[in-house]
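One-letter residues, chain by chain:
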Amino acid sequence: MLDKLELIEKRFEEVTLKLSDPTVISDPDQYRALSIEHSNLSPIVEKFAEYKAAKDANTEARSLLDEGGLDPDLKEIAAEQLEESAAQIEALEKDLRLLLLPKDPNDHKNVIMEIRGGAGGEEAALFANSLYRMYSMYAESQHWKIEILNLNATELGGIKEISFSITGQGAYSRLKFESGVHRVQRVPETESQGRVHTSTVTVAVLPEAEEVDFQIDPADLQIDTFRSSGAGGQHINKTESAIRITHLPTGVVVECQDERSQYKNKEKAMKVLRSRLLEAKIAEQNAAIAADRRAQVGTGDRSERIRTYNYPQGRLTDHRIGYTSYQLANNLNGDLDDLLDALMTADQAAKLAAADI
């Protein structure tokens, strides 16, 4: 581990020097890449400096005690320093092992989320709206920005499907484990017998792809225009401002009809398309190594049931890590930090178990 830390420290110094090089500063792509690398290495280097200081303090205290001849007060101080520094070293070693785990290269990216009603008809659509509200409130608490990219609403206030972007520091790293099937158990307002129904909603979390991440050949695109439909679209039903883009090599289709402007709808649809294609590329790469390493929190497969929201019992359960909260109302109002922290901790524990650090 120490050899790896010393190499990282050396690389950090090199990157720091490059960031002050006028040639690098004049190249936006190179400067951006080095800035991200500098930001990723900085916490490791800082923690390594703390570790080395604790090691020095431990060595000094041990030398004083080994030499002997100290008066009782100094001997007590040296013994306390030895004990404190040993505890610090142990804690810092644990922190460094976590920091040395392979980073998800998409953790710094913004997010595109897609929510779709599944089994359960209108009840599923209503819960899809509840989940959108939950993520919106969480994003607001983090001072992140939300922008709706596409919305297909129902007449009763539900959501058949919605795509939206979340822009902010750490958005993907916090939300990436939300992909999967979310199950709700509750009594629908239309249920006269008071019976609990089970419905499902599918959530997908995509790292927002930039043009430098995924180049798309315009010749591979089929772009169609159509009139907006669905609740709330009356003001643009007269013009074909909605956009449907088909990526011919993969068959991926995206739509956007949220804006009055055809240009803006096309721009938003391209953002979603790039992110879906990037996600497919990542999934293909992950599949190649899935046999060697499988994370505890699951594969992120959208067909995997990950969580149940039980309204009668006020309970939220994440099935991947055995997490249970009886604060369902607060969770649905965007209080998600405890849950997301638990998912990230489980992921780190799984990676530590598989890592050779």
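Residues numbered from 1 in each chain as written. Predicted model: local features only at pLDDT ≥ 70, side-chain atom pairs only at ≥ 80, totals over all residues. Heavy atoms only, no water.

### A word on the pattern of salt bridges
Defined as follows: For this analysis, a salt bridge means a side-chain nitrogen from Lys or Arg found within 4 Å of a carboxyl oxygen belonging to Asp or Glu. To qualify as a helix, a DSSP run of H or I must reach at least 4 residues; to qualify as a strand, a run of E must reach at least 2; elements of each kind are numbered from the N terminus. Using a 1.4 Å probe on the protein chains alone, a residue whose accessible area is under 20% of its type maximum counts as buried, one over 50% counts as exposed, and one in between counts as partly exposed.
Taken as a whole, this structure holds 19 salt bridges when the rule is applied. The partner of R307 in a salt bridge is E178, with the nearest N and O atoms 2.7 Å apart. Here R307 is found in strand β9 (residues 305–310), whereas its partner E178 is found in the loop between α6 (171–175) and β4 (180–186), with 129 residues between them in sequence. The burial state of R307 is the same as that of E178; both residues are buried. Across the pair R307 and D318 runs a salt bridge, and its minimum N-O distance is 3.0 Å.

### Describing the sheet that holds strand β5 (residues 197–207)
In plain terms, the rule: Whether two strands pair comes down to DSSP finding at least two bridges between them. Only C-alpha atoms enter the line fits that serve as axes; for helices the fit covers just the stretch in contact. Angles between N-to-C directions range over 0 to 180 degrees. A contact between two residues is defined here by any heavy atoms of the two lying within 4.5 Å.
Reading across the sheet, the 8 strands line up as β2-β3-β1-β5-β4-β9-β10-β11 and stay open at both edges, with mixed pairing between neighbours. In this open sheet, the two strands that pair with only one neighbour each are β2 (145–153) and β11 (323–325). Going from strand to strand, the sheet's axes swing by 15° on average, the running direction of each strand aside. As judged from the 7 bridges shared by β4 and β5, these two strands associate in the antiparallel manner. Residue pairing across strands places R183 opposite T200, the latter belonging to β5. On top of the sheet, helix α5 (residues 122–141) reaches β1 (111–117), β2, β3 (159–167), β4, β5 and β9; it is set at about 10° to β3, its chief contact.

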